Amino acid sequence: MCGIVGIAGTAPTSERLIEGLRRLEYRGYDSAGIAVIQDGSVQRCRAEGKIRNLDNALRDNPIDGVTGIAHTRWATHGRPTTDNAHPHTSGNVAIVHNGIIENFKDLRDDLSAKGHVFVTETDSEVIAHLIDHHIQAGLSHDKAFAKTLSELRGAYGVAAIFADKPDTVMAARQGSPLAVGLAEDETFIGSDSMALAPFTRQIVYLEEGDWCIATPGDVRIFDASGKPANREVVISTAAAELVDKAGCRHFMEKEIHEQPESVGRTLSQYISAVDESFAFQPGELGLSKADRLISVACGTAFYAGATAKYWFERYAGLAVEADIASEYRYRQPVMPQHGAAIFISQSGETADTLAALRHCKQNGVRTIGVVNVPESSIAREADLHLRTLAGPEIGVASTKAYTAQLSALACIALAAASSRGKMTKEETAEKVRALLEVPRLINEVMLVEPQIEELARALTHHTDVLYLGRGQFFPLAMEGALKLKEIAYIHAEGYAAGELKHGPIALIEDGTPVIVIAPWDELFEKTISNVQEVAARGADVTLFTDPRGAKEAGDSVRTIIIPECDPIAQAIVAAIPIQLLAYHTAVLMGTDVDQPRNLAKSVTVE
Ligand code: F6R
């Protein structure tokens, strides 16, 4: 979502602000802008659409200064126009904001009544006016900034500059992440350490409610009560070079093809290959006596949790509730007495997942974060952080982070099974061997790509696609449908194959594409009966199955054959052709694959 960069520097900032923004592009945005202090006044440049439009606008009307702020906006209040793009100004103040100000209407009405003129449709503009108003009323800049924060309700990462205080950037965090980068004679503000990596590796993460005053080479941090706060300086691991596409057309293509390595890296962290066991410390997971596990996440990460539910129940005999974070946080969920809660997130900043984690912590539930970004809020706040080692995921549609989540969750579920006495040493060793095969099997399954491209071509002629699966392949059916919707803009539904007769079969007509994910297992015959039911009604079925399933299904149905393997490995391997199908369909549809319309990578508002 919105990205923020700020520099309190000693050298020109415009180009560096743009460089910082480029590193936040992956989060998704629809307009961008910068503001600098030049010759004692705030100068702005903003543009609708991509950063290259901003770059062009800057070339036409150059601005520069040693102090500046910059922003990529993902529209919430107000259309993605140049006028609504940040930074917003009032008098000598310019601000950028990530989040939602819930009481903006009251504040705006009040300030309008006092003579302030609003020129945008955004909630954020009110922040600039409020700071300006307090300065006009006689408060110092610091006090005006702090007073403004105390009057805002909602979520914000915010940064401000002042024409009459030209060496200072003030910034604050409440619900939206913000990092401060330290260098010898310059200080940086960024939505994450990736944005700051070209400038410095020394990072301080602001905590909830913190605000700061950054000047060249110095930062003073205050907590929510206004007391000076000491926050640890950490050395960021984010690479200074921009992650590139390594010769691929899109980041998504590159990330799909990286999965043998990303899955291998993640598995090897949790598996001890020498003694064929899982490499968790005794008692580390705290699941050996647990009576219930809650799994909370959003989108693709939720489907990873929903898949793992089958594993925890089947192998570890542990009851799991898999929940969508935006629902979980507003229910009155009954907390497990002797259980734990697991939070799955690529970014580690998803607002609903983070809020659900905090809710569980407040209620004394042990929390485990399965997170890809190690410096993120969820990773830092969970009682136990279990990393997925997917590496930076730039494509907005999650691919390698998903299979890394599945890999980590498989290890956790099987380690829990073993610590709960549900699996013998030999059974554990057999599963370890099966998981260690997964990177090779992913390489093998990539060979179906030409067939997938052909199927993708057929899908481009349709407006509705149905994905079906049973058991652990039901969440994958939903994930497949989500991928197709989000990047190819084709409506798709993922259904449990056995549920079809209870309604959705009414959608089937001549030629309706139906994708069925059913490697051979104990449910295979039942799924094939469902395939017959839709085929009899004219559906154009493609069955993703293994050689045994293909043999059982016979010639009556088109098959794409994926390798035969252990069921827990298959849930990871089968995800790859499903991702490839969405990818190739999107490429053929000519969509913006890496930054699909309306989507953000890191959803920091609820
Ligand atoms: C879909 C996708 C999203 C994310 C969801 C959660 O391809 O990427 O559905 O999975 O927004 O994001 P994280 O994992 O960062 O919490």
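Computed from a predicted model, the values in this text were never measured in an experiment.

1. What to know about the pairing of strand 1 (residues 3-8)
Now for step 1: Counted residue by residue, strand 1 has six buried out of six residues, so it is predominantly covered.
Now for step 2: Of the two faces of strand 1, the one holding Gly3, Val5 and Ile7 and the one holding Ile4, Gly6 and Ala8 are both buried throughout.
Now for step 3: Inspection of the sheet shows strand 1 paired to strand 4 (residues 67-73) by six bridges, in the antiparallel sense. In the sheet register, alanine 8 faces strand 4, and the bridge partner there is threonine 67.
Now for step 4: As paired strands, strand 1 and strand 10 (residues 187-190) are joined by four bridges and run antiparallel to one another.

2. Section: the site of the ligand
Now for step 1: Near the ligand, the surroundings consist of 13 residues, among which Ser345, Gln346, Ser347, Thr350 and Glu486 are the closest.
Now for step 2: Valine 396 has a polar backbone atom sitting 3.3 Å from an oxygen atom of the ligand.
Now for step 3: At 3.0 Å, a side-chain N or O of lysine 483 approaches an oxygen atom of the ligand.
Now for step 4: Contact with the protein chains hides 90% of the accessible area of the ligand, taken as 400 Å² for the molecule alone.
Now for step 5: The leading source of residues in the shell around the ligand is helix 9 (residues 299-316), at three residues.

3. Comments concerning the state of the cysteines
Now for step 1: Scanning all chains against the criterion turns up zero disulfides.
Now for step 2: Between cysteine 565, a free cysteine, and cysteine 411, which holds the nearest cysteine sulfur, the sulfur-to-sulfur gap is 15 Å.
Now for step 3: With relative accessibility at 22%, the residue cysteine 565 sits in the partly exposed group.

4. Let's talk about the packing of aromatic side chains
By convention here, two paired aromatic rings are described through the distance between centres and the angle between planes.
Now for step 1: Summed over the entire model, instances satisfying the criterion amount to five aromatic pairs.
Now for step 2: Both rings, one in phenylalanine 188 and one in phenylalanine 199, keep their centres 4.9 Å apart while their planes meet at 10°; by these two values the pair is stacked. Here phenylalanine 199 lies in the loop between helix 6 (193-196) and strand 11 (202-205) and phenylalanine 188 lies in strand 10, a separation of 11 residues in the sequence. Across the pair, phenylalanine 199 and phenylalanine 188 agree in class, each one buried.
Now for step 3: Ring plane angle 25° and centroid distance 4.6 Å describe the contact between tryptophan 211 and phenylalanine 222, whose orientation is recorded as stacked. In this pair, tryptophan 211 sits in strand 12 (residues 211-215) while phenylalanine 222 sits in strand 13 (residues 218-222), placing the two residues 11 residues apart along the sequence. An identical accessibility class is assigned to tryptophan 211 and phenylalanine 222; each is buried.
Now for step 4: Three or more aromatic residues link up through ring pairs in this structure, and these residues are Phe145, Trp211 and Phe222.
Now for step 5: The ring of tyrosine 29 carries the charged tip of lysine 50 above its face, separated from the ring centre by 5.1 Å.
Now for step 6: Positioned over the ring face of tyrosine 489 is arginine 597, at 3.8 Å from the centre of the ring.

5. Details of the domain arrangement of the chain
Now for step 1: Partitioning the chain into domains gives domain 1 (3-247) and domain 2 (438-600).
Now for step 2: Carbon and sulfur atoms supply 40% of the area buried between domain 1 and domain 2, which totals about 460 Å² over both sides.
Now for step 3: For the pair domain 1 and domain 2, the number of links is one salt bridge.
Now for step 4: One salt bridge connects aspartate 592 with lysine 50, and the closest N-O pair in it is separated by 3.5 Å.
Now for step 5: At the junction of domain 1 with domain 2, the criterion picks out two residue pairs in polar contact (both at pLDDT 80 or more).

6. Considerations on the sheet that holds strand 6 (residues 93-101)
Now for step 1: Spatial ordering of the open sheet is given by 5-6-7-8-12-13, a layout of six strands whose pairing is antiparallel. Of all the strands in the sheet, the pair left with one neighbour each is strand 5 (88-90) and strand 13. Taken over all neighbouring pairs, the strand axes of this sheet differ in orientation by 20° on average, direction set aside.
Now for step 2: Relative to strand 12, strand 8 (residues 165-174) runs antiparallel, the two being bridged by four bridges.

7. What about the pairing of strand 2 (residues 31-38)?
Now for step 1: With seven of eight residues buried, strand 2 lies mostly within the body of the structure.
Now for step 2: Looking at chain direction, strand 2 and strand 3 (residues 41-48) are connected through eight bridges and run antiparallel. Bridge pairing in strand 3 links serine 31 to glutamate 48.
Now for step 3: Linking strand 2 back to strand 3 in an antiparallel pair, the connection comprises two residues, with aspartate 39 at a positive phi of about 50°.
Now for step 4: Judged from the six bridges that link them, strand 2 and strand 4 form a sheet pairing that is antiparallel. Bridge pairing in strand 4 places alanine 32 opposite threonine 72.

Rules and cut-offs
- Residues numbered from 1 in each chain as written.
- Predicted model: local features only at pLDDT ≥ 70, side-chain atom pairs only at ≥ 80, totals over all residues.
- Heavy atoms only, no water.
- Buried < 20%, exposed > 50% of the residue type's maximum accessible area, 1.4 Å probe, protein only.
- Helix = DSSP H or I, 4+ residues; strand = E, 2+ residues; numbered from the N terminus.
- Pairing = 2+ DSSP bridges.
- Near = heavy atom within 4 Å.
- Polar contact = N/O pair within 3.5 Å; in protein donor to acceptor, adjacent residues only side chain to side chain.
- Areas by Shrake-Rupley, 256 points an atom, 1.4 Å probe, with all protein chains shown as cover.
- Disulfide = S-S within 2.5 Å.
- Phe/Tyr/Trp six-rings, centres within 6.5 Å; stacked < 30°, edge-to-face > 60°.
- Lys NZ or Arg CZ within 6 Å of the ring centre and 35° of its normal.
- Domains from an automatic or database assignment.
- Buried area = accessible area lost by both parts, 1.4 Å probe.
- Salt bridge = Lys/Arg side-chain N within 4 Å of Asp/Glu carboxyl O.
- Axes fitted to C-alpha atoms, helices over the stretch in contact; angles between N-to-C directions.

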